[in-house]
Amino acid sequence: MNTSTAIKFVAALALCSIALSADALQIEPRSSWGAVAARSPSRISGAVDYVIIHHSDNPNGCSTSDQCKRMIKNIQSDHKDGKVYEGRGFGLQGSHAPNYNRNSIGIVFIGNFQSTAPSSQMLQNAKDLIELAKQRGFLKDNYTLFGHRQTKATSCPGDALFNEIKTWPHWRQK
């Protein structure tokens, strides 16, 4: 198992380096990793239109459950172990992309993906998680996929990850 990198789902879920089918995703609840309670979380009614891809810009990643939990807590307060970590949760508004928070799910890949793309396992996990959101009715079938840089002035999600997601079927030029 490649444990040097991980993925965090900001608005919905976080997941790490083992490839899983959408039916097999095991979700670590917020309480298991010590998440700080969201201030006045807003419900999102119905399926959303967008998935926004981010990276945490943390070059060190994580390799154990304890390290990943600490890293996710640190990312939560600031901005790979094969597990899925719940962020806000499906159906709750995230805080990841101004003007899109009410109508999107955010996925953050833990690590810096400016010059190196995430592992194929990480990429497949993200695709599986997107499929799970569709299956559960939280994401429209005809959703649009953006990189964070398409929603505001930033280099996120890094050039290598951005070039990868541009090959995915739902990615659109803005």
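Heads up: the structure comes first, above all this text.
Residues numbered from 1 in each chain as written. Predicted model: local features only at pLDDT ≥ 70, side-chain atom pairs only at ≥ 80, totals over all residues. Heavy atoms only, no water.

Moving on to the overall build of the chain. In terms of helices and strands, the chain carries three helices and seven strands. Along the chain direction, N to C, the helices and strands of the chain fall in the order β-β-β-β-α-β-β-α-β-α. Within the chain, the fraction of its 174 residues that count as buried is 50%. Total accessible area on the chain is roughly 8,200 Å²; 43% of this is exposed by carbon and sulfur atoms. (Helix = DSSP H or I, 4+ residues; strand = E, 2+ residues; numbered from the N terminus. Buried < 20%, exposed > 50% of the residue type's maximum accessible area, 1.4 Å probe, protein only. Areas by Shrake-Rupley, 256 points an atom, 1.4 Å probe, with all protein chains shown as cover.)

Here the focus is the pairing of strand β6 (residues 104-110). Along any regular strand the residues' side chains alternate between the sheet's two faces. The buried count for β6 comes to seven of seven residues, which makes it a mostly enclosed element. The two faces of β6 match: S104, G106, V108 and I110 on one face and I105, I107 and F109 on the other face are all buried. Bridging between strand β4 (residues 48-55) and β6 involves six bridges; their strand directions are parallel. What sits directly across from H54, in β6, is V108. (Pairing = 2+ DSSP bridges.)

Turning our attention to the side chain of H170. Residue position: H170 is located in the segment after α3 (159-165). Discounting chain neighbours no more than four positions away, the residues touching H170 are D141, N142, Y143, T144 and L145. (Contact = heavy atoms within 4.5 Å.)

Each aromatic ring pair is specified by the distance between its two centres and by the angle formed by the two planes. Counting across every chain of the model gives six aromatic pairs. Judged by centre distance (6.2 Å) and plane angle (75°), the rings of F109 and F113 are edge-to-face. Comparing F109 with F113, the two get one shared label, buried. Judged by centre distance (6.0 Å) and plane angle (80°), the ring pair of F162 and W171 falls under edge-to-face. Across this residue pair, the class does not change: F162 and W171 are buried. Put simply, the rings of Y50, Y100 and F146 pair up and form one aromatic cluster. Over the ring of F162 we find R149; its NZ or CZ atom is 4.6 Å from the centre of that ring. (Phe/Tyr/Trp six-rings, centres within 6.5 Å; stacked < 30°, edge-to-face > 60°. Lys NZ or Arg CZ within 6 Å of the ring centre and 35° of its normal.)

Next up on the list: the side chain of H148. Along the chain, H148 turns up in the loop between β7 (139-147) and α3. On the accessibility criterion, H148 (4% relative accessible area) is buried. Side-chain polar atoms of H148 contact the backbone oxygen of H96, separated by 3.1 Å. When sequence neighbours within four positions are dropped, the list of residues in contact with H148 reads I52, I53, H54, H96, A97, T154, C156 and P157. (Polar contact = N/O pair within 3.5 Å; in protein donor to acceptor, adjacent residues only side chain to side chain.)

By size, the foremost hydrophobic cluster in this structure holds 24 residues, and its most contacted members are V51, I53, F109, L139, L145 and I165. Secondary structure elements with two or more residues in this core: β4, β6, α2 (120-135), β7 and α3. Per element, the largest residue contribution to this core is seven residues, and it comes from α2. When residues no more than four places from it in sequence are discounted, the contact partners of V51 are I105, I107, I130, L139, Y143, T144, L145 and F146. Counting residues in each nonpolar core, the second largest holds six residues, with W33, C68, M71 and I72 among its members. (Core = buried A, V, L, I, M, F, W, Y, C linked by side-chain atoms within 4.5 Å.)

It is worth spelling out the environment of H54 at this point. For H54, the position within the fold is in strand β4. Residue H54 is classed as buried on the basis of its relative accessible area, which comes to 0%. Excluding its chain neighbours within four sequence positions, the residues that come into contact with H54 are H96, G106, I107, V108, F109, H148, C156, P157 and L161. A polar atom in the side chain of H54 sits 3.3 Å from the side chain of H148.

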